[in-house]
Amino acid sequence: MRLAERSVLVLTSLAGGDRHGYALIKDIESFSGVALSPGTLYGALAKLEADGFVQRLPADDRRYPYRLTPAGRAVLAERLAESARIASLGLERIALGGP
Amino acid sequence: MSNRLTGAILLLYPRRVREAHGPEIVSLIDDLIAHEGRSRTGLFIRLAVDGLVQRIASTATVWTVVAVLAATSFGDLAISDFAAASAHQGVPRTAHTIAPARHAHRTPTTCPDGIALNAGRLGSSPRDSPRCDSHRDSDPVLRGRGR
């Protein structure tokens with residue numbers, strides 16, 4: 001399954017622990033420099049929840065924290081390994097001094 | 001003031017998003033307002049644009065589906081019309097234009113050798129039903145030899 005870039009960011013943030021909307025936006029902004037809008041964030045969360053990759057926890061003062069599921073952890077690991085392989089290959093080719 | 005603005009911004013989002021995540025978005029907007037020390041006007045504008053973008057994207061998806069369905073239906077109608085027009089103009093019928101035989105169980109009207117069936121005589125006896133005459137029966141020479 002091919003994950004969208006924003007989904008990878010959300011899953012990566014949730015891999016560090018349960019977070020609600022604002023905490024997710026701030027965390028993602030801190031490690032990637034991408035400021036997700038509320039619509040984009042909740043669009044991604046709705047899709048990930050429907051796919052069974054994240055789970056919405058009971059509300060905590062109007063804020064719903066989200067948790068990474070085992071399936072979400074597995075799909076994130078697979079996607080990041082693929083990204084790492086491509087990054088490694090790209091860096092190798094750059095180091096070789098291609099055209 | 002900010003509550004009314006938050007409510008107004010929320011209304012810009014598609015209904016599907018509001019129903020699924022309305023309270024979460026309101027609380028997120030409240031958090032952004034509380035923690036963003038910079039211009040609130042800029043923040044409200046960004047949120048309003050986000051809501052409009054989500055709404056347009058949602059509407060565009062619906063219209064895309066409608067357009068595809070309409071185009072597909074139109075295409076089917078055009079093909080049907082073309083097939084009907086071709087049938088009237090005596091275009092040779094190909095396998096895909098011939099309707100499947102719905103009455104395949106009917107008694108054949110010709111014999112295997114191409115000779116027309118004898119009509120048979122009117123009556124209820126099985127001997128009166130249409131039948132194939134063999135070459136021996138229909139050919140006077142062969143018929144004479146058999147006897």
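Residues numbered from 1 in each chain as written. Chains lettered and ligands numbered in written order. Predicted model: local features only at pLDDT ≥ 70, side-chain atom pairs only at ≥ 80, totals over all residues.

A. The arrangement of the overall build of chain B in detail. The helix and strand tally for chain B stands at five helices and zero strands. Ordering the α and β elements of chain B from the N terminus gives α-α-α-α-α. Considering chain B as a whole, with its 147 residues, one finds that 10% of them fall into the buried category. Nonlocal contacts in chain B, meaning residues at least 24 apart in sequence, comprise 31% of its contacts between residues at least 6 apart. (Helix = DSSP H or I, 4+ residues; strand = E, 2+ residues; numbered from the N terminus. Buried ≥ 20, exposed ≤ 12 C-beta atoms within 10 Å, placed from the backbone. Contact = placed C-beta atoms within 7 Å.)

B. Region of the structure containing the overall build of chain A. Check the secondary structure of chain A and you find four helices and two strands. Its helices and strands taken in sequence order, chain A reads α-α-α-β-β-α from the N to the C terminus. For chain A, the proportion of its 99 residues judged to be buried stands at 30%. Considering only contacts in chain A between residues 6 or more positions apart, those separated by 24 or more positions represent 48%.

C. Representation of the interface of chain A and chain B in the model. With 10 residues of chain A at the interface, the matching set in chain B holds 17 residues. Listing elements by their share of the side of chain A that touches chain B, those giving two or more residues are helix 2 (21–32) and helix 3 (38–51) of chain A. The element contributing the most residues to the side of chain A that touches chain B is helix 3 of chain A, with four residues.

D. Fine view of helix 2 (residues 15–35) of chain B. In helix 2 of chain B, a bend of some 85° at B:H21 exceeds every other bend along the element, and B:P23, a proline, comes one to four places later. Regarding helix 2 of chain B, the residues found buried are B:V17, B:H21, B:E24, B:I25, B:S27, B:L28, B:I29 and B:L32. (Bend = angle between axes of the 7 residues up to and from the residue.)

E. Structural detail: the confidence of the model for chain B. Residues with a pLDDT of 70 or more make up 46% of chain B, whose mean pLDDT is 68. For this predicted complex, the interface confidence comes out at an ipTM of 0.78, alongside a pTM of 0.61. (pLDDT = per-residue confidence, 0-100.)

F. Molecular detail of the packing of helix 1 (residues 5–14) of chain A against helix 2 of chain A. Residues and elements named next belong to chain A. At their nearest, the axes of helix 1 and helix 2 sit 9 Å apart, and the two run at 105° to each other. It follows from the interaxial angle that helix 1 and helix 2 lie roughly perpendicular. Here L9, V10 and S13 of helix 1 lie close against helix 2, whose contacting residues are L24, D27, I28 and S32. Looking at the contact of helix 1 with helix 2, its residues break down into four nonpolar, two polar and one charged. (Axes fitted to C-alpha atoms, helices over the stretch in contact; angles between N-to-C directions. Parallel < 35°, antiparallel > 145°, perpendicular 65-115°, else oblique. Nonpolar A, V, L, I, M, F, W, Y, C, P; charged D, E, K, R; others polar.)

G. A look at the nonpolar core. Core analysis: the biggest nonpolar cluster contains 29 residues, and A:V10, A:L11, A:L41, A:L45, A:L48 and A:V54 have the highest contact counts within it. With residues up to four places along the chain from it excluded, the contact list for A:V10 reads A:L24, A:A44, A:L45 and A:L48. (Core = buried A, V, L, I, M, F, W, Y, C linked by C-beta atoms within 7 Å.)

H. Summary view of the confidence of the model for chain A. Summarising the model, chain A shows a mean pLDDT of 92, and 97% of its residues fall at 70 or more. When pLDDT is averaged over each helix and strand of chain A, the minimum, 91, is found for helix 3 of chain A and the maximum, 97, for strand 2 (residues 66–68) of chain A.

I. Spatial organisation of the packing of helix 1 of chain A against helix 3 of chain A. Residue and element names in this part refer to chain A. For the pair helix 1 and helix 3, the least separation of the axes is 10 Å and the interaxial angle reads 80°. By the criterion of interaxial angle, the relationship of helix 1 to helix 3 is roughly perpendicular. Residues R6, S7, V10 and L11 of helix 1 touch helix 3, and the partners they reach there are T40, A44, L45, K47 and L48. Residue composition of the contact of helix 1 with helix 3, by class: five nonpolar, two polar and two charged.

J. Broad picture of the environment of A:V54. Residue and element names in this part refer to chain A. Position of V54 relative to the elements: it lies in strand 1 (residues 54–56). Residue V54 is classed as buried on the basis of its C-beta count, with 24 C-beta atoms lying within 10 Å. The spatial distance from the C-alpha of V54 to the C-alpha of A71 is 8.3 Å, given a sequence separation of 17 residues. Beyond its immediate chain neighbours, meaning those up to four positions away, V54 contacts L14, L45, L48, E49, Y66, R67, L68, T69 and G72.

K. Spotlight on helix 3 of chain A. Residues and elements named next belong to chain A. Look at helix 3: 20 Å from first C-alpha to last across 14 residues, which is about the 20 Å you get at 1.5 Å a residue. Turning to helix 3, its buried residues are P38, G39, L41, Y42, G43, A44, L45 and L48. Once helix 3 ends, the next one or two residues include G52, with phi positive near 85°. (Expected span 1.5 Å × (residues − 1).)

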